[in-house]
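Chain by chain, the residues:
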Amino acid sequence: MCGIVGAIAERNVVEILLEGLRRLEYRGYDSAGVALLDGEGNLKRERQVGKVKALSDAIIAKPIKGATGIAHTRWATHGGVNEKNAHPHFSNERIAVVHNGIIENYEALRRDLQAKGYTFGSDTDTETIAHTVHEEVKKGKDLLLAVQDSVKQFHGAYGTVIMDKEDANRVVVARSGSPLVIGLGIGENFIASDQMALLPVTRRFIFLEEGDVAEITRTSVTIYDHNGDKVEREVFDSELEHDAGDKGGYRHYMLKEIHEQPTVVRNTLQGRLGETDLVEGIFGAGSEDILKDIKHVQIIACGTSYHSGMTARYWLEQYANVSCNVEIASEFRYRKSVVHPNSLIVTISQSGETADTLAALRLAKQNGYKSSLTICNVPGSSLVRESDMAFMTLAGAEIGVASTKAFTTQLTAFLMLTLAIGKYNGMLAADKKAIIDGLHSLPTKLEETLTLTNGIEQLAEEFADKQHSLFLGRGDQYPIAMEGALKLKEISYIHAEAYASGELKHGPLALIDEEMPVIVVAPNNELLEKLKSNVEEVRARGGIMYVFADKEAQFASDETMRVINVPHCEAPIAPIVYTLPLQLLSYYVAVIKGTDVDQPRNLAKSVTVE
Ligand code: G6P
C-alpha cells in the first residue's frame with residue numbers, strides 16, 4: 001500500500017528518496033511522486049503514473065534537486081489513478097504533503113476549505129491536509145503548531161509528512177493509524193512508512209506512536225504526544241539485512257522467498273525448541289504465568305495470516321485441549337463478541353501494521369481478555385508494541401505481495417504455542433513427542449519438498465488456460481487448501497475456491513467438469529479414507545484431479561488424476577509441508593501466464609487502511 005520517504009540533509013536527497021521508493025515497491029502502488037525544496041526557496045515536484053522507474057526517468061530527463069524532500073508511492077483509495085491524484089500534494093505552491101491512510105471527514109473539510117477560497121487540483125482526501133495546514137500557517141503559526149492544530153481537525157488514519165517552502169530547515173510529521181518511522185543519521189535525518197526504505201542510509205530508528213507529531217531538522221528530532229507534551233521515544237537498532245531487497249539470483253522475490261523457507265523455519269525454531277521440550281519463556285518474560293491459566297484462545301488476523309490462525313485452531317483444540325475461535329479482523333472489530341473466561345487474544349501478522357488487525361487488538365484489550373500475544377514478523381511494529389507478549393517469526397523481510405515464508409514461520413510459531421499451552425492442559429505425551437520430532441525434522445522436510453519443483457512446473461502448464469479451480473482438503477489441511485486457493489487467485493488471477501471436502505455434496509459438485517481442475521491435499525492421516533471417497537465423487541463426475549499425497553496414501557496417477565508424492569512427515573507438521581507444493585504451483589502458473597508475480601494487480605503488501 002502507499003509508501004512514504006522523506007529526508008532533510010545538506011546534500012541533494014533525490015537519489016535517497018528514489019531508492020527509498022524502490023525499496024517500498026513491494027508494498028504495491030500505482031503512481032509515484034517526489035517534491036524537493038532547494039536552498040534558493042524553490043519547491044519542485046515530479047509525479048508519474050506507474051512504476052518508480054517512470055518517475056526516476058522523468059527526473060533524469062528534467063532534473064530537480066534539493067536537500068529537503070518528500071516522496072510517495074500511491075495506492076489509490078480516493079480518486080482515480082492519474083498524475084493529478086499522485087502525491088505530493090501542494091497548497092498554494094507553499095505547503096507540500098505526502099500521506100498514507102484516509103482522512104474520513106475529507107468531504108466536510110473540502111467544502112469548508114472551498115468556502116475559504118481554496119481550489120482543489122485533485123480528487124484526493126490528502127489535498128485537504130495541504131490546504132488545512134496552509135490555512136493554519138497563514139494565521140502566522142510556525143509549521144509545527146500549524147500541523148498540531150490541523151490534525152485536531154482530521155478524522156481517520158494518517159501517516160503524513162509536511163514541508164513548508166518558507167521554512168526549508170524542518171519537516172513536520174504526524175502519525176495516527178498509519179505507521180511512520182524516523183531514521184537517524186549524522187547531520188541528516190529521514191522519515192519513512194517502513195524501515196526497509198531507509199536501510200541504505202541508517203540502521204537507527206524511532207517508531208512514532210499513535211497521536212505523535214514530530215519536528216525533524218537536520219540535527220534534531222523533537223516528538224510531541226497526542227496531548228502536545230514533549231516526549232522521548234526509544235531508539236532501536238534495526239536487525240534487518242540491508243540487502244533484503246535483492247532477489248539473490250532468483251527470477252522473482254516470491255520464488256526466492258519460497259526457497260528460503262527451510263532456513264527461516266530453522267531460524268524461527270533456533271534457541272526456542274530444545275531436544276525434548278520448548279525452552280521456557282520463549283513468549284516473553286512472565287509468559288509462562290499467563291499461559292498456564294489460559295482456557296480459551298481467540299485468534300484474529302487477515303489474509304494469509306488468517307489461514308495460519310485457522311490451522312492453529314485444529315492444533316490447539318486437538319493437541320492442547322483449549323477451545324479456540326478464529327476470526328477475520330475486519331469482522332471481529334465491528335461486532336459484539338463474548339469473551340470467555342481466561343481468554344488469550346492472539347493476533348497474527350507479517351507486517352504488524354494491518355489496520356483491521358490492529359483495531360481488533362485495541363478493541364479486545366478494552367473487552368477483558370486476560371492477555372494479548374502477537375505472532376509477528378516485524379520488530380517494533382504497532383502490533384508488537386501494543387501486545388502484552390510478542391513472538392517474532394524470523395522470516396526476514398518478505399517482499400513478494402503473496403505471503404509465503406511468513407506463513408510457514410507463523411505455523412511453526414503456532415505449533416510451539418500449542419506445546420506451551422498444552423503443557424498446562426493435559427497434552428498427551430505421544431502428541432507432544434510427535435510435535436517436537438516433527439518440528440526438529442521440519443527444515444529438512446521442507447528442503448525435500450522443494451525438490452518437487454520440476455514436476456510442479458510441468459503441472460502448471462495444464463492450469464494456465466483455466467478460468468476456475470477448486471481446492472479440497474480436510475481437517476488441518478482444509479486451511480492449507482484455502483491458502484493454496486488464495487495464492488493462485490492472488491498471482492495468477494484464476495478464480496480459485498477452497499472447500500472442506502466433506503462439503504462437496506452440498507454445492508461444489510455441481511461445478512465439476514473437465515474445465516475445472518480440482519487440487520486435493522492428501523496427507524496420510526486419519527481422514528484419508530474419507531478423503532478418498534470424496535476423490536471418487538469427483539472422478540465419477542468427470543473431474544480432473546491433481547493430488548498432492550503421501551506415498552503411503554497409495555494414490556496412483558491415471559487419465560483423470562495426476563499424483564504428486566510429497567515427503568512423508570509427522571502428522572502435526574503436514575500442513576506446513578503441504579503448503580510448499582501449492583505455493584510452487586501458483587508461482588509457476590503465474591509465470592506461464594506472465595502476470596506481475598511480486599506485485600499482482602490491485603493488491604498491496606501491507607494494508608494500513610481498513
Ligand atoms: C495483505 C497481503 C497478504 C497478507 C494480508 C495480511 O492482503 O497482501 O499477503 O496476508 O495483507 O497482512 P499481515 O501483514 O497482517 O499478515
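Residues numbered from 1 in each chain as written. Predicted model: local features only at pLDDT ≥ 70, side-chain atom pairs only at ≥ 80, totals over all residues. Heavy atoms only, no water.

Thoughts on the UniProt feature "domain: Glutamine amidotransferase type-2" (unreviewed entry) in the protein chain
UniProt's entry tags residues 2-219 with the feature "domain: Glutamine amidotransferase type-2" (unreviewed entry), counted in the numbering of this structure. Between the end C-alpha atoms of residues 2-219 the distance is 27 Å, and the span holds 24% helix and 32% strand. (UniProt positions renumbered as here; feature names shortened; annotations may be inferred. Helix = DSSP H or I, 4+ residues; strand = E, 2+ residues; numbered from the N terminus.)

Section: helix α9 (residues 303-319)
In this model α9 runs 25 Å from its N-terminal to its C-terminal C-alpha over 17 residues, within 8% of the 24 Å that 1.5 Å per residue would give. Of all the 17 residues making up α9, 12 are buried; the element is thus mostly covered by neighbouring parts of the structure. Along α9, the residues that are buried comprise Thr-304, Ser-305, Tyr-306, His-307, Ser-308, Gly-309, Met-310, Thr-311, Ala-312, Trp-315, Leu-316 and Tyr-319. (Expected span 1.5 Å × (residues − 1). Buried < 20%, exposed > 50% of the residue type's maximum accessible area, 1.4 Å probe, protein only.)

Focus on the side chain of Asp-164
With respect to the helices, strands and loops of the structure, Asp-164 is situated in strand β7 (residues 158-164). The class of Asp-164 is buried, set by a relative accessible area of 3%. A distance of 2.8 Å separates a polar atom in the side chain of Asp-164 from a polar atom in the side chain of Arg-94. Within polar-contact distance, the side chain of Asp-164 engages the backbone nitrogen of Glu-166 at 3.0 Å. For Asp-164, the residues in contact, after removing those within four places along its chain, are Leu-37, Arg-94, Ile-95, Val-137 and Leu-143. (Polar contact = N/O pair within 3.5 Å; in protein donor to acceptor, adjacent residues only side chain to side chain. Contact = heavy atoms within 4.5 Å.)

Things to note about the packing of aromatic side chains
For the coordinates displayed, the defined rule picks out 5 aromatic pairs. Ring centres of Phe-207 and Phe-236 lie 5.3 Å apart, and the angle between their planes is 65 degrees; this geometry places the pair in the edge-to-face category. Of this pair, Phe-207 sits in strand β11 (residues 204-207) while Phe-236 sits in strand β15 (residues 236-237); the two residues are 29 residues apart in sequence, bridging distant segments of the chain. On the basis of relative accessibility, which here comes to 31%, the residue Phe-236 falls in the partly exposed class. Sitting over the ring of Phe-391, Arg-272 keeps its end group 3.9 Å from the ring centre. The ring of Phe-555 carries Lys-532 above its face, with NZ or CZ at 5.3 Å from the centroid. (Phe/Tyr/Trp six-rings, centres within 6.5 Å; stacked < 30°, edge-to-face > 60°. Lys NZ or Arg CZ within 6 Å of the ring centre and 35° of its normal.)

Regarding the UniProt feature "active site" (unreviewed entry) in the protein chain
Under the present numbering, the feature "active site" (unreviewed entry) in UniProt falls on Cys-2 and Lys-605. Their sequence span is 604 residues, while the largest C-alpha to C-alpha distance among them is just 9.7 Å; these annotated residues converge on one region. By the secondary structure assignment, Cys-2 is in the segment before β1 (3-8). If we ignore the near neighbours within four places in the chain, the residues touching Cys-2 are Arg-27, Gly-28, His-72, Thr-73, Arg-74, Trp-75, Asn-100 and Ser-193. Topologically, Lys-605 is positioned in the segment after α18 (574-593). The residues touching Lys-605, leaving out its near neighbours within four places in the chain, are Met-1, Tyr-26, Arg-27, Gln-350, Glu-398, Ile-399, Gly-400, Val-401 and Ser-403. Among the polar contacts made by the side chain of Lys-605, one reaches the main-chain carbonyl oxygen of Gly-400 at a distance of 2.7 Å.

A few points about the site of the ligand
Close to the ligand lie 13 residues; Ser-305, Ser-349, Gln-350, Ser-351 and Thr-354 are nearest. A distance of 2.5 Å is found between an oxygen atom of the ligand and a side-chain nitrogen or oxygen belonging to Thr-354. Measuring from an oxygen atom of the ligand, one finds a backbone N or O atom of Ala-604 at 2.8 Å. Contact with the protein chains covers 90% of the free accessible surface of the ligand, which is 390 Å². (Near = heavy atom within 4 Å. Areas by Shrake-Rupley, 256 points an atom, 1.4 Å probe, with all protein chains shown as cover.)

Quick look at the state of the cysteines
One pass over the full model with this rule turns up 0 disulfides. Free of any disulfide, Cys-2 has its nearest neighbouring cysteine sulfur in Cys-302, separated by 17 Å. (Disulfide = S-S within 2.5 Å.)

Structural notes on the environment of Ile-182
Here Ile-182 lies in strand β9 (residues 181-184). With relative accessibility at 0%, the residue Ile-182 sits in the buried group. Sequence separation of Ile-182 and Gln-195 is 13 residues, and the distance between their C-alpha atoms is 8.3 Å. Ile-182 has contacts with Phe-190, Ile-191, Arg-204, Phe-205, Ile-206, Leu-208, Ala-214, Ile-216 and Val-221, leaving out every residue within four places of it along the chain.

Here's the deal with the pattern of salt bridges
Any two side chains of opposite charge can pair, so long as their charged atoms come close to each other. Following the criterion strictly, the structure yields 41 salt bridges and no others. In this structure, a network of salt bridges that share partners links the residues Glu-136, Lys-139, Lys-141, Asp-149 and Lys-152. (Salt bridge = Lys/Arg side-chain N within 4 Å of Asp/Glu carboxyl O.)

Examining unusual backbone geometry
With an omega of -5 degrees, the peptide bond running from His-87 to Pro-88 counts as cis. Within the secondary structure, Pro-88 sits in the loop between β4 (68-74) and β5 (89-91). Located in the positive-phi region is Asn-92, a residue other than glycine, with phi close to 50 degrees. Residue Tyr-493 is not a glycine yet carries a positive backbone phi of 65 degrees. Relative to the assigned elements, Tyr-493 resides in the loop between α16 (478-492) and β22 (495-500). With a relative accessible area of 27%, Tyr-493 lands in the partly exposed category.

Overview of the nonpolar core
Within soluble globular proteins, side chains that are nonpolar tend to cluster in buried spots. Among the nonpolar cores identified, the biggest contains 86 residues, and Phe-283, Ile-299, Ile-421 and Leu-439 are the most heavily contacted of them. No other element matches the 13 residues that α18 contributes to this core. The contacts of Phe-283, once residues within four sequence positions are left out, are Leu-291, Leu-373, Met-389, Ala-390, Phe-391, Ala-413, Met-416, Leu-417 and Ala-420. Within the second largest apolar cluster, 33 residues are counted, among which are Val-5, Leu-18, Ala-197 and Phe-205. (Core = buried A, V, L, I, M, F, W, Y, C linked by side-chain atoms within 4.5 Å.)

Focus on the sheet that holds β7
Sheet architecture is open: 7 strands sit in the order β5-β6-β7-β8-β12-β13-β14, paired in antiparallel fashion. Each edge of the sheet is formed by a strand with only one pairing partner; in this case those strands are β5 and β14 (230-231). The pairing of β5 with strand β6 (residues 95-100) spans 3 bridges and is classified as antiparallel. Within β6, the position partnered with His-89 by the bridge is Val-97. (Pairing = 2+ DSSP bridges.)

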